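# What the coordinates show
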Amino acid sequence: MSKIKLGIIGIGNMGSSHIKNSIDGKIEGVELVAVCDTAKERREFVEKTYPSLKVFEDATSLYKSGLIDSVLIAVPHYDHCSLAIEAFSYGLNVLVEKPAGVYTKQVKEMNEAAAKSGKTYGIMYNQRTNPLYQKLKKLIENGELGHIKRINWIITDWYRPQAYHESSTWRSTWGTEGGGALINQNPHQLDLWQWMFGMPSKIYAKISFGKYYDIEVEDDVTAFMEYDNGTTGVYITSTGEAPGTNRLEVACDMGKVVIEGGKMMFYRNEVSEREFNKTNTIPFGRPEKWDCEINIKGQTTNHPGIIKDFASAVLKGTKLLAPGEEGINGLTISNAMHLSAWTGETIDVKNLDADKFYSILQEKIKNSTVVKKENNTVSDTSGTY
């Protein structure tokens with residue numbers, strides 16, 4: 001088999017993009033053969049635009065068709081896990097859009113189903129294809145930074161106006177999207193954080209809900225993270241700032257690394273600060289440093305890169321850049337931030353109280369203005385895929 005036979009569930013913004021990239025031949029090792037959506041107008045759009053594709057109204061029919069060996073799930077967040085679990089039961093390989101889910105209890109079930117199936121399981125963490133973050137991860141793993149003292153990430157260039165929040169019925173509510181900036185825009189950065197620096201041990205967060213927009217979920221977040229080895233981190237994000245900032249700063253024994261504006265600077269100490277401190281006798285002395293712009297090779301391959309990588313794993317058994325099992329890590333950080341803001345407590349990330357998070361989330365859903373307004377159930381207001 002030279003290509004996987006792929007089906008895509010969800011013909012929204014991301015699903016449509018995946019369809020176009022596949023049809024345009026931008027993804028090696030992939031033959032897109034079928035798509036699925038519960039919305040009639042979206043199915044009709046595909047039938048008219050891409051007549052070669054088989055179109056299905058529901059996921060089960062697609063799974064049973066025998067046309068595909070792999071599926072890409074690009075639907076509203078609450079449906080990721082249930083659709084993936086069902087796909088594994090039919091012996092299909094699964095690539096799921098971010099986030100893995102809305103709450104960790106749900107994602108654990110998906111991970112267990114994946115492990116039991118033995119099939120290839122990936123997640124659309126396309127920012128892992130960015131050579132800037134790949135380079136920083138390599139520097140950390142090779143010990144070239146020494147001990148990391150502090151991590152600061154200001155990621156506020158996810159600006160989304162009110163019109164965005166009103167562009168779809170499932171956006172920006174507890175009952176239909178499961179959160180705001182943390183669950184929609186920031187899964188990529190939260191994944192990169194744990195991918196490069198590992199999982200923090202404690203999180204304390206202050207979050208504003210509907211600070212800038214007429215929404216019930218978060219649009220402004222400041223979180224403080226602690227690690228068992230003494231490393232600390234501050235994570236700041238917002239969808240209400242324009243033009244916003246994307247600056248990652250890592251203070252370490254060997255100096256400081258800054259990623260901003262598409263480049264990486266390493267302000268490198270000639271010797272480790274800790275070693276310098278042991279021998280220095282000058283009151284205002286400091287290590288000599290070199291200002292180094294790190295040469296970054298390669299291009300960010302984004303979503304097509306992750307799909308190509310997934311296809312290679314299915315066809316050749318290569319190692320996944322973004323294994324699906326790792327989706328729970330960034331979500332755990334996100335859940336911990338929400339739980340801290342809801343309770344005012346510092347959260348033990350390693351022993352996250354998943355039941356407590358789920359219970360509070362259900363209260364948020366119960367009191368959702370959208371659910372009340374439509375006088376309907378959560379599943380009925382979750383939108384199409």
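That block above? That's the structure.
Residues numbered from 1 in each chain as written. Predicted model: local features only at pLDDT ≥ 70, side-chain atom pairs only at ≥ 80, totals over all residues. Heavy atoms only, no water.

### A look at the packing of aromatic side chains
In this structure the tally under the stated criterion is 11 aromatic pairs. Between the aromatic rings of Trp-153 and Tyr-235, the centroid separation amounts to 6.5 Å while the plane-to-plane angle is 75°, which identifies the pairing as edge-to-face. With Trp-153 in strand E7 (residues 148-155) and Tyr-235 in strand E10 (residues 232-238), this pair connects stretches of sequence that are 82 residues apart. Among the aromatic residues, ring-to-ring pairing joins Tyr-133, Trp-153, Trp-193, Phe-197 and Tyr-235 into one connected group. (Phe/Tyr/Trp six-rings, centres within 6.5 Å; stacked < 30°, edge-to-face > 60°. Helix = DSSP H or I, 4+ residues; strand = E, 2+ residues; numbered from the N terminus.)

### Some words on the nonpolar core
As a rule of thumb, nonpolar side chains are buried together in soluble globular proteins. With 56 residues, the main nonpolar core has Ile-9, Ile-19, Val-35, Tyr-63 and Ile-73 as its most contacted residues. Excluding its chain neighbours within four sequence positions, the residues that come into contact with Tyr-63 are Ile-9, Val-71, Ile-73, Leu-83, Glu-86, Ala-87, Tyr-90 and Leu-92. Formed by 52 residues, the second largest nonpolar core is a distinct cluster that contains Leu-136, Trp-153, Trp-158 and Trp-193. (Core = buried A, V, L, I, M, F, W, Y, C linked by side-chain atoms within 4.5 Å. Buried < 20%, exposed > 50% of the residue type's maximum accessible area, 1.4 Å probe, protein only. Contact = heavy atoms within 4.5 Å.)

### Focus: helix H11 (residues 327-343)
When the terminal C-alpha atoms of H11 are compared, their 24 Å separation across 17 residues agrees well with the 24 Å that a helix rising 1.5 Å per residue should span. In terms of burial, H11 is largely enclosed, as 14 of its 17 residues are buried. Note on H11: the residue one or two positions beyond its end, Gly-344, has a positive phi of about 75°. (Expected span 1.5 Å × (residues − 1).)

### Here's the deal with unusual backbone geometry
Here the amide bond leading from Lys-98 into Pro-99 is cis, since omega sits at -10°, within 30 degrees of zero. Residue Pro-243 is bonded to the preceding Ala-242 through a cis peptide linkage, with omega at 10°. Mapped onto the elements, Pro-243 comes out in the loop between E10 and strand E11 (246-252). Look at Ser-172: it is not a glycine, yet its phi comes out positive at around 65°. Here Ser-172 is to be found in the loop between helix H7 (162-165) and helix H8 (187-197).

### With respect to helix H10 (residues 302-316)
When the terminal C-alpha atoms of H10 are compared, their 21 Å separation across 15 residues agrees well with the 21 Å that a helix rising 1.5 Å per residue should span. Of all the positions in H10, only His-303, Pro-304, Gly-305, Ile-306, Ile-307, Asp-309, Phe-310, Ala-311, Ser-312, Ala-313 and Val-314 are classed as buried. Contacts from the buried residues of H10 go to strand E1 (4-9), helix H1 (13-23), strand E2 (30-36), strand E4 (70-73), strand E5 (93-96) and strand E6 (121-123). Two residues or fewer past H10, Gly-317 is found with a positive phi of approximately 75°.

### So, the side chain of Thr-104
Along the chain, Thr-104 turns up in helix H5 (residues 104-117). Its relative accessible area of 4% is what places Thr-104 among the buried residues. Beyond its immediate stretch of four places on either side in the chain, Thr-104 contacts Ile-328, Leu-331, Thr-332, Asn-335, Leu-352 and Ala-354.

### Description of the sheet that holds strand E12 (residues 255-260)
Reading across from one edge, E14-E13-E12-E11-E7-E10-E9-E8-E15 is the order of the nine strands in this open sheet, with mixed pairing throughout. With one partner strand each, in any of the chains shown, strand E14 (289-294) and strand E15 (347-348) form the two edges of the open sheet. In the sheet, strand E13 (residues 263-269) pairs with E14 via six bridges, with the strands oriented antiparallel. Residue pairing across strands places Met-265 opposite Glu-293, the latter belonging to E14. Helix-sheet contacts for helix H6 (residues 131-141) involve E7, E11, E12, E13 and E14, and the interaxial angle to E13 is about 25°. Together, E7, strand E9 (218-226), E10 and E11 form the strand contacts of H8, whose direction differs from that of E7 by roughly 165°. (Pairing = 2+ DSSP bridges. Axes fitted to C-alpha atoms, helices over the stretch in contact; angles between N-to-C directions.)

### What to know about the state of the cysteines
Summed over all chains, the structure comprises zero disulfides. Here Cys-252 is not cross-linked by a disulfide; its sulfur's nearest cysteine counterpart is in Cys-292, at 12 Å. (Disulfide = S-S within 2.5 Å.)

### Some remarks on the pattern of salt bridges
Using the criterion set out here, one finds 20 salt bridges in the structure. Residue Lys-308 pairs with Glu-28 through a salt bridge whose shortest N-O separation is 3.4 Å. Remark: Glu-28 occurs in the loop between H1 and E2 and Lys-308 occurs in helix H10; sequence separation between them is 280 residues. Linking Lys-356 and Glu-345 is a salt bridge whose minimum nitrogen-to-oxygen distance equals 3.6 Å. Of this pair, Lys-356 sits in helix H12 (residues 354-366) while Glu-345 sits in the loop between H11 and E15, placing them 11 residues apart in sequence. On the basis of relative accessible area, Lys-356 is assigned to the partly exposed category, the value being 31%. (Salt bridge = Lys/Arg side-chain N within 4 Å of Asp/Glu carboxyl O.)

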